[in-house]
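Examination of the molecular architecture
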Amino acid sequence: MIPLLVAFTLATMLIFLFRQWRYRSPYEHIPGPAPSSLFGYLLDLYNPEGLGWHFQMTEKFGHVARLKGGIVGSDALYITDPTALHSILVRDHNVFRNSIEFSGLFGIVHHGDGLASVYDDEHKKQRKLIDPIFTPNRISKLTPLFYNVARQMKASLAADLASAPPGQEIDILDVTVRTSLELIAQAGLGHTFNSFDRDSKEFKEFHWAITSVLLTASRLFLFLPYLETWRKMKPVWLRRSLARLVPYIPWSAPRKFQEASETMYPIYQTVLEDKKRLFRQGGMEALEESATSGKDLMTLLFKSNWEAQTDDKMPDDVVIANLSAVVHGAQETTSGALSRFVSLLASNPSLQDQLREELREARDVRHNSTTIRINSNTCACCSTKLKGSDELDFHELNDLPFLDAVCRETLRLFTPVTFVLKRAIEDTVVPLQYPIRDVKTGQEMHEILITKGTHVYVGLAAANRSAAIWGPDASVFRPERWFGKMGHESTAENTRLPGLYSNMMTFLGGPRACPGMRFAIHEIKLVLSTLLQSFAFEKASSDIDWKLYITLTPYVAGDDTGPKVPVKAYPL
Ligand code: HEM
């Protein structure tokens, strides 16, 4: 048996090496970085310390770069060219599919075929049910639920500061993680993790699972291409039996990954079962009378699915996979972004003062206003309490130009998702806005042929920092670039990127763009306005290293014990 296995392994390796030896890259004429090892670009691209590698790509090699596959794989492309991105994400989006690496990974994490693991018509069908729950009108109606959580956050931080000596550093990431998880729990699922209770077992377990699952997955990146085959493996009993062996593997990453993805699943099942039970007992009316008045995203999705034509309805496992996708999409990205905002503010007291002044003026305008709107108890559109309250409603928050500019500039310069991966399923010619030079002939190329099977890395952070697109100060934090301007008016030559948010790539673009963009922006503005009105922030002694896992994750420089963002906070 053993000699047979050895022979089989050797034969597989020989076939693989032969294929690699015969491999001729279709991209030899395209400039790109030399890989740091024989294993090609993968170790550089997924290097947690390698954010600079992504940032320098466009400036050093242009808006299309060749990534050499080395001895283990084929060459790939790294693209930030606006016209090429339009083709990849919008015009030819059916050709440039989400890679099987990520569809396999998310299929396992979400326990089913939700948005993150399906393509073409199935993806379109699911988005048709999901997009309507994220309209501005729906998001505005979540404002009272958001404030409910923001008030808990404020009370919890005030209590922590009251029991600590003045000037004591606190971990603001812990605050933003609890806030964004509780926000998506209450406003998304109509559920609570009691996230501000330090002893909450549910918070601890869920938080451990959601933060560990992608972190450990990024350590398994060499195995990602096989996860799609694994999750579709038949017969199912064989896959289940093999899965039972994972806890015995002498490597913690796959064990942790499995444990984390299995910890979250029962929560989603319970949420869905609760909604179904309520519906059976009292129909839609019962759902509308629940704690969230039926405004949470899960209830809206339940309704949208209930009202859909039979062929369009999502089965329960797909609803659960999408709940999981929404919670995942919302949690790491937004909590990291919020902690980035606070650390930026902590280093820049005048920015805090300017934002506080803008908030104060907006409150004064409200208090001095004699309109009927202000004399009524709640806002007719978003139900925010108006009379006697300092909490700005959805519209008031959206009308603050400086807060808006800071929000855009931070999400441009510090893009939480650094890149996304697509795979070409057909040969496709892609036009370029910025021509590149053939490294052999020196000729200018205005288009490139992307061949079937090529991995295409869409550089979201690199496109957001390209000097050709944003001007020579592209890498400088300058909120003023947005003053009085919309989307492409703030780029160097009115260049249009196919991004969903303000002409940037932060939330991607095209049919697979982030559906939760409005939720995220409203959350960021509301949480920041709450924090700024109650606390002043000061820089802590340590510096932060933002590490590149699937989303950017902050660590104190030289301390790998876990993600943290220390700042000093003072009650106002
Ligand atoms: C600052 C916060 C956020 C950022 C930067 C962000 C960014 C992104 C990006 C870049 C993608 C595309 C990923 C890919 O195709 O590989 C995406 C997809 C997605 N996001 Fe977000 N997101 C944020 C917040 C949210 C929130 C708050 C939600 C939900 C409430 C959400 C839900 C989703 C979902 C469900 C998808 C998958 C869409 C699909 O495949 O059709 N995201 N997000």
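Residues numbered from 1 in each chain as written. Predicted model: local features only at pLDDT ≥ 70, side-chain atom pairs only at ≥ 80, totals over all residues. Heavy atoms only, no water.

**Re the overall build of the protein chain**
What the protein chain contains, in helices and strands, is 22 helices and twelve strands. In terms of overall dimensions, the protein chain is globule-like: its C-alpha atoms have a radius of gyration of 25 Å, near the 25 Å expected for 572 residues. Overall size of the protein chain, expressed as C-alpha extent along the three principal axes, is 80 × 55 × 50 Å. Expressed as a percentage of the 572 residues in the protein chain, the buried residues total 53%. Sequence separation of at least 24 residues holds for 72% of the intrachain contacts in the protein chain that already meet a minimum separation of 6. (Helix = DSSP H or I, 4+ residues; strand = E, 2+ residues; numbered from the N terminus. Rg over C-alpha atoms; globule rule 2.2 N^0.38 Å. Buried < 20%, exposed > 50% of the residue type's maximum accessible area, 1.4 Å probe, protein only. Contact = heavy atoms within 4.5 Å.)

**Quick look at the sheet that holds strand β9 (residues 535–539)**
Strand order in this open sheet of three strands is β4-β12-β9, and the pairing throughout is antiparallel. Each of the sheet's edge strands pairs with one partner strand only, and the pair in question is β4 (169–171) and β9. On average, each strand axis in the sheet is inclined to that of its neighbour by 50°, with strand direction left out of account. Judged from the three bridges that link them, β4 and strand β12 (residues 566–571) form a sheet pairing that is antiparallel. The partner of D171 across the bridge, within β12, is P566. This element, helix α8 (residues 143–162), spans β4, β9 and β12 of the sheet and lies at about 60° to β9. (Pairing = 2+ DSSP bridges. Axes fitted to C-alpha atoms, helices over the stretch in contact; angles between N-to-C directions.)

**A look at the pattern of salt bridges**
Taken as a whole, this structure holds 35 salt bridges when the rule is applied. We note a salt bridge from R366 to E396, for which the minimum N-O separation is 2.5 Å. With a gap of 30 residues between them, R366 in helix α16 (residues 349–368) and E396 in helix α18 (residues 394–398) connect regions that are remote in the sequence. Residue R366 shares its accessibility class with E396, and that shared class is buried. With its nearest N and O atoms 3.5 Å apart, the salt bridge here joins D559 to K564. What you see here is one network of salt bridges that share partners, running through E409, R412, D473, R478 and R481. (Salt bridge = Lys/Arg side-chain N within 4 Å of Asp/Glu carboxyl O.)

**Brief notes about helix α11 (residues 224–231)**
Considered for burial, the residues of α11 that qualify are L224, L227, E228 and R231. One face of α11 carries all of its buried residues, which in axial projection span an arc of 95°. Facing away from the buried side of α11 by over 90 degrees, the exposed positions are Y226 and T229. Those residues of α11 that are buried are in contact with α5 (100–109), α10 (201–219) and α12 (236–245). (Arc of directions from axis to C-beta.)

**Here's the deal with the sheet that holds strand β2 (residues 76–79)**
Here five strands make up an open sheet; going across it, the order is β1-β2-β8-β5-β3 and the pairing mixed. Unpaired on one side and paired on the other, β1 (64–67) and β3 (96–98) mark the two borders of the sheet. Direction aside, neighbouring strands of the sheet carry axes that sit 35° apart on average. Here three bridges tie β3 to strand β5 (residues 419–424), and the two strands are oriented antiparallel to one another. Among the inter-strand pairings, R97 is bridged to a residue of β5, identified as R423. Helix-sheet contacts for helix α3 (residues 51–61) involve β1, β2 and β5, and the interaxial angle to β1 is about 115°.

**A short note on the nonpolar core**
Counting residues in hydrophobic clusters, the biggest one holds 151 residues, and the most contacted among them are Y78, I79, I448, I450 and Y457. Considering each element in turn, this core owes the most residues, twelve residues, to helix α15 (residues 316–346). Setting aside residues up to four positions removed in sequence, I448 forms contacts with I30, V64, L77, I79, T428, V429, V430, L432 and I436. (Core = buried A, V, L, I, M, F, W, Y, C linked by side-chain atoms within 4.5 Å.)

**Overview of the UniProt feature "binding site: heme" (unreviewed entry) in the protein chain**
In the numbering adopted here, UniProt assigns the feature "binding site: heme" (unreviewed entry) to C514. Of the residues examined, C514 reaches a relative accessible area of 29% and is grouped as partly exposed. When near neighbours in sequence (up to four residues on either side) are disregarded, C514 contacts R127, L500 and F507. (UniProt positions renumbered as here; feature names shortened; annotations may be inferred.)

**What about the pairing of strand β10 (residues 544–548)?**
Across five bridges, the pairing between β10 and strand β11 (residues 552–556) is antiparallel. Counted as the bridge partner of K547 is T553 from β11. In sequence, β10 turns back onto β11 through a hairpin of three residues.

**Some words on the coordination of the iron atom of the ligand**
No protein donor other than C514 (SG) coordinates the iron atom of the ligand, and that contact is at 2.3 Å. Position of C514 relative to the elements: it lies in the loop between α21 (467–470) and α22 (517–534). (Donors = N, O, S within 2.8 Å, 3.2 Å for Na, K, Ca; no water.)

**Description of the site of the ligand**
Residues in contact with the ligand amount to 25 residues; listed here are only the nearest, H123, R127, G329, F507 and C514. Within the side chain of H123, one N or O atom sits 2.7 Å away from an oxygen atom of the ligand. Within the backbone of G329, a nitrogen or oxygen atom sits 3.3 Å from a nitrogen atom of the ligand. Those elements giving two or more residues to the shell around the ligand turn out to be α6 (120–130), α15 and α22. Ranked by residues supplied to the shell around the ligand, first place goes to α15 with six residues. (Near = heavy atom within 4 Å. Polar contact = N/O pair within 3.5 Å; in protein donor to acceptor, adjacent residues only side chain to side chain.)

**Observations concerning the environment of V109**
By the secondary structure assignment, V109 is in helix α5. The class of V109 is buried, set by a relative accessible area of 2%. The contact partners of V109, leaving out residues within four places of it in the chain, are V213, F257, S261, S324 and H328.

**So, the packing of aromatic side chains**
Enumeration according to the criterion identifies 16 aromatic pairs in this entry. Ring geometry for Y46 against F419: centres 5.7 Å apart, planes inclined by 80°, an arrangement best described as edge-to-face. Note that Y46 is positioned in the loop between α2 (42–45) and α3 and F419 in strand β5, a separation of 373 residues in sequence. Pair check on accessibility: Y46 and F419 agree, each one buried. Within the aromatic cluster, the residues linked to one another by ring pairs are Y41, Y46, F419 and Y457. In this structure, R412 packs its charged tip against the face of W470, placed 5.4 Å from the ring centre. (Phe/Tyr/Trp six-rings, centres within 6.5 Å; stacked < 30°, edge-to-face > 60°. Lys NZ or Arg CZ within 6 Å of the ring centre and 35° of its normal.)

**Re unusual backbone geometry**
At H111, a position not held by glycine, the phi torsion is positive, near 55°. Its place among the elements puts H111 in the loop between α5 and α6. Given the relative accessible area of 28%, H111 is considered partly exposed. One non-glycine residue, N494, lies in positive phi territory at about 55°. With respect to the secondary-structure elements, N494 resides in the loop between α21 and α22. Classification of N494 by relative accessible area gives partly exposed; the value is 43%.

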